[in-house]
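Structural overview
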Amino acid sequence: DTAVSQTPKYLVTQMGNDKSIKCEQNLGHDTMYWYKQDSKKFLKIMFSYNNKELIINETVPNRFSPKSPDKAHLNLHINSLELGDSAVYFCASSPTASHLNYGYTFGSGTRLTVV
Amino acid sequence: GEDVEQSLFLSVREGDSSVINCTYTDSSSTYLYWYKQEPGAGLQLLTYIFSNMDMKQDQRLTVLLNKKDKHLSLRIADTQTGDSAIYFCAESMSSASKIIFGSGTRLSIRP
């Protein structure tokens, strides 16, 4: 009955590879997000989609490409992985984009390690 | 600009109160939040406060907001070992459609 689920939970891969992380929410929310948490626990927004449309794209390398096939899914594809991409990636959702009174519901994170 | 700052560490004795402080820079913040992150887990919303309030209490948690000084605090009464976690302060503005997080305060509990 998980509200926001991400797969995989752990991902270890070599530099230069291409990988995807999937996210699904069953809350009926309109808006989904990807955040990156670095080794110092700092959380930075990467992307936000509202009803399948991109609304936030923070200075993220072109190697990162989000895809939202429908409003319940937001996947993250990363090309040509680099060591600096190692982090925990969190998916989140909110009922709407503009009224954030209930904050986000977060997934449990995907720990990506690039070797 | 957008900036949320917190101290990195706090250590308290079990049974004492914990007070975690946060400052933010954007005076147009609409909502301010406290999230809790336990090891290996996602962030869990603990509580939030609307910017026109100055206090909110929820069981052991008390949030104080000083809008003039742009200062937010979270007080946890009777701190227990299960309260060990990283606590994130965060803010949002309705115009920005996103939540900005602080760097997190790691709370550790001494016996």
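Below you will find a few notes about this structure. This is a predicted model, so every value here is computed, not measured.

Counting its secondary structure elements, chain B contains zero helices and eleven strands. Its C-alpha radius of gyration of 13 Å places chain B within 12% of the 13 Å reference for a compact globule of 111 residues. Across its three principal axes, chain B shows a C-alpha extent of roughly 45 × 30 × 20 Å. When contacts within chain B are restricted to residue pairs at least 6 apart in sequence, those whose partners lie at least 24 apart make up 56%. For chain B, the accessible surface area stands at approximately 5300 Å², while carbon and sulfur atoms represent 48% of it. For chain B, the centre of its 11 positive side-chain charges and the centre of its 13 negative side-chain charges are spaced 2 Å apart.

It is worth spelling out unusual backbone geometry at this point. Only a minority of non-glycine residues have a phi that is not negative, and only a minority of peptide bonds are not trans. Residue and element names in this part refer to chain A. Here the residue pair Thr 7 and Pro 8 is connected by a cis peptide bond, since its omega of -5 degrees sits within 30 degrees of zero. Even without a glycine there, the phi angle at Asn 51 is positive, about 50 degrees. By the element assignment, Asn 51 lies in the loop between β5 (43–50) and β6 (53–57). Residues other than glycine seldom take positive phi values, yet Lys 52 does so here, at roughly 75 degrees. Take Lys 52: it is sitting in the loop between β5 and β6. Owing to a relative accessible area of 47%, Lys 52 belongs among the partly exposed residues under this scheme.

Definitions and limits used
Residues numbered from 1 in each chain as written. Chains lettered and ligands numbered in written order. Predicted model: local features only at pLDDT ≥ 70, side-chain atom pairs only at ≥ 80, totals over all residues. Heavy atoms only, no water. Helix = DSSP H or I, 4+ residues; strand = E, 2+ residues; numbered from the N terminus. Rg over C-alpha atoms; globule rule 2.2 N^0.38 Å. Contact = heavy atoms within 4.5 Å. Areas by Shrake-Rupley, 256 points an atom, 1.4 Å probe, with all protein chains shown as cover. Lys, Arg positive; Asp, Glu negative; His and termini not counted. Charge placed at Lys NZ, Arg CZ, Asp CG, Glu CD. Buried < 20%, exposed > 50% of the residue type's maximum accessible area, 1.4 Å probe, protein only.

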